[in-house]
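In case you want the letters, here they are:
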Amino acid sequence: MTMVSPARRRVSPRAITTFAFAAALLVVPFGAASAQTFGYVPMQPHTYPQDQTYSRGYVNDDAQATDEDARLPDRLRKQIVSFDRSEPAGTIVIDTGNTYLYYVLGNGRAIRYGVGVGREGFTWAGVQSISRKAEWPDWHPPAEMIARQPYLPRFVAGGPGNPLGARAMYLGSSEYRIHGTNDPTTIGKFVSSGCIRMTNEDVTDLFSRVNVGAKVVVLPKNAPLMAKGGDPVRKRPAAATLPSGRQALNISTSAVN
């Protein structure tokens with residue numbers, strides 16, 4: 001009699017893989033199983049600063065501002081100082097050469113803030129007034145700036161990623177502003193195209209004090225320090241008449257940030 005031996009069955013690799021996958025499903029609780037468990041990581045949308053939804057409800061202004069202020073050297077932090085100029089209370093005086101902004105309190109005192117000012121060729125001097133105030137302003141780079149820097153966006157929505165920062169105070173009908181910044185490392189430097197930069201904490205504080213119509217005096221870059229408080233007292237220069245309004249802005253009209 002011829003004996004017929006049972007045929008050996010070969011288990012395919014695919015069957016082994018299927019069995020192992022099923023076993024894994026039994027071991028891992030269903031609620032804990034995820035795409036990442038099996039080697040798949042869901043793709044996350046990439047968000048750019050200008051694409052974010054900016055709302056006071058989404059941004060912790062106080063925490064961000066405190067962090068910005070902590071980065072400043074002592075001389076650039078907000079402080080009350082003696083002030084020996086004759087401007088009335090409520091006036092803003094910008095000491096360009098020393099990168100300070102003074103908000104005059106009256107009775108020989110002022111609040112001094114550290115600021116960033118115009119870089120070489122973009123500083124200006126004169127008298128203006130606050131014509132408008134805006135919270136988390138949008139930024140529209142002017143044509144002159146785009147001509148110099150064609151890579152700039154044509155519009156940036158207001159918010160933490162916006163170079164105008166948390167607040168802006170517009171100077172007359174010009175392109176100049178006193179505004180916040182998304183880069184507090186520029187405070188105390190000559191970096192802008194003529195605008196005056198402040199940390200978001202400081203610009204928010206100033207914004208709350210200043211009224212539309214307030215006078216803004218911008219001193220020339222070479223003017224000596226005009227106030228006391230943490231700095232050596234220097235001699236006051238002879239009085240000089242500063243240009244006002246649009247005439248002052250003819251020094252450089254290619255400004256914004």
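So, here is what we can say about the structure in this document. (Residues numbered from 1 in each chain as written. Predicted model: local features only at pLDDT ≥ 70, side-chain atom pairs only at ≥ 80, totals over all residues. Heavy atoms only, no water.)

1. A look at the overall build of the protein chain
Applicable threshold: Helix and strand assignments follow DSSP, with helices taken as H or I runs no shorter than four residues and strands as E runs no shorter than two, numbered in order from the N terminus. Relative accessibility decides the category of a residue: with a 1.4 Å probe and only protein chains considered, values under 20% of the type maximum give buried, values over 50% give exposed, and everything between is partly exposed. Note on contacts: a residue pair qualifies if any of its non-hydrogen atoms lie within 4.5 Å across the two residues. All accessible areas in this document rest on Shrake-Rupley with a 1.4 Å probe, and a residue is counted as covered only by the protein chains that are shown.
For the protein chain, the helix and strand inventory stands at five helices and 11 strands. Going through the 257 residues of the protein chain one by one, you find that 41% of them count as buried. Counting only contacts in the protein chain whose residues sit at least 6 apart along the sequence, the fraction spanning at least 24 positions is 69%. Within the structure as shown, the protein chain displays about 14,900 Å² of accessible surface, and the carbon and sulfur contribution to it stands at 55%.

2. Focus: the sheet that holds strand β6 (residues 126–135)
To keep it simple, the criterion reads: Here a strand pair is declared whenever DSSP counts at least two bridges between the two strands.
Ordered in space as β1-β4-β3-β2-β11-β6-β7-β8-β10, the nine strands form an open sheet in which the pairing is mixed. Every interior strand has two partners, whereas the edge strands, β1 (79–82) and β10 (196–197), have only one. Here four bridges tie β6 to strand β11 (residues 215–218), and the two strands are oriented antiparallel to one another. Across the sheet, residue glutamine 128 finds its bridge partner in β11, namely valine 216.

3. Remarks on the pattern of salt bridges
Put simply, the test is: Every case where a carboxyl oxygen of Asp or Glu lies within 4 Å of a side-chain nitrogen of Lys or Arg is listed as a salt bridge.
Enumeration over the complete set of coordinates arrives at five salt bridges. Put simply, arginine 167 and glutamate 135 hold a salt bridge, and the shortest N to O gap is 4.0 Å. With arginine 167 in strand β7 (residues 167–171) and glutamate 135 in strand β6, the pair connects residues that are 32 residues apart, well separated along the chain. Overall, the relative accessible area of 6% leaves arginine 167 in the buried class. Note on glutamate 135: relative accessible area 46%, which makes it partly exposed.

4. Notes on the nonpolar core
We apply this condition: Nonpolar cores were defined as sets of buried Ala, Val, Leu, Ile, Met, Phe, Trp, Tyr and Cys residues, with membership established by side-chain atoms within 4.5 Å.
Judged by nonpolar contacts, the single largest core of 23 residues is most densely connected at Ile92, Leu101, Ile178 and Leu206. Of all the elements in the fold, those that place two or more residues in this core are β2 (92–95), β3 (100–106), β4 (109–114), β7, α4 (200–209) and β11. A total of three residues in this core trace back to one element, the largest contributor, which is α4. Discounting chain neighbours no more than four positions away, the residues touching leucine 101 are Ile92, Val93, Ile94, Ile111, Arg112, Tyr113, Val115, Ile178, Ile196, Met198 and Leu206. Counting 13 residues, the second largest nonpolar core, distinct from the first, contains Val81, Phe83, Ala110 and Ala223.

5. Regarding the packing of aromatic side chains
Counted only if it meets this: Note on aromatic contacts: the rings of Phe and Tyr and the six-membered ring of Trp form a pair at centre separations within 6.5 Å, being stacked when their planes are under 30 degrees apart, edge-to-face when over 60 apart, and tilted otherwise. Charge over a ring is defined by NZ of Lys or CZ of Arg lying within 6 Å of the ring centre and within 35 degrees of the ring normal.
The full count for this structure, using the stated rule, is three aromatic pairs. One aromatic cluster in this structure is built from Phe83, Tyr100 and Tyr102. Between arginine 112 and the ring centre of tyrosine 100, over which it is positioned, the NZ or CZ distance is 4.1 Å. Between arginine 119 and the ring centre of phenylalanine 122, over which it is positioned, the NZ or CZ distance is 4.2 Å.

6. Here's the deal with unusual backbone geometry
Residues other than glycine seldom take positive phi values, yet asparagine 107 does so here, at roughly 55°. Secondary-structure assignment places asparagine 107 in the loop between β3 and β4. Look at asparagine 107 and you get exposed, because its relative accessible area is 81%. Phi at tryptophan 136 takes a positive value of approximately 45°, unusual for a residue other than glycine.

7. So, the pairing of β7
Each regular strand carries side chains that alternate between the two faces of the sheet. Burial analysis of β7 places five of its five residues in the buried class, which makes it a mostly covered element. In this sheet, β7 lies alongside β6 in antiparallel orientation, the contact comprising five bridges. For glutamate 135, the partnering residue across the bridge sits in β7 and is arginine 167. In this structure, β7 lies alongside strand β8 (residues 177–179), joined through three bridges in antiparallel fashion. Paired with alanine 168 across the bridge in β8 is histidine 179. What sits between the antiparallel neighbours β7 and β8 is a turn of five residues, in which glycine 172 has the positive phi angle 55°.

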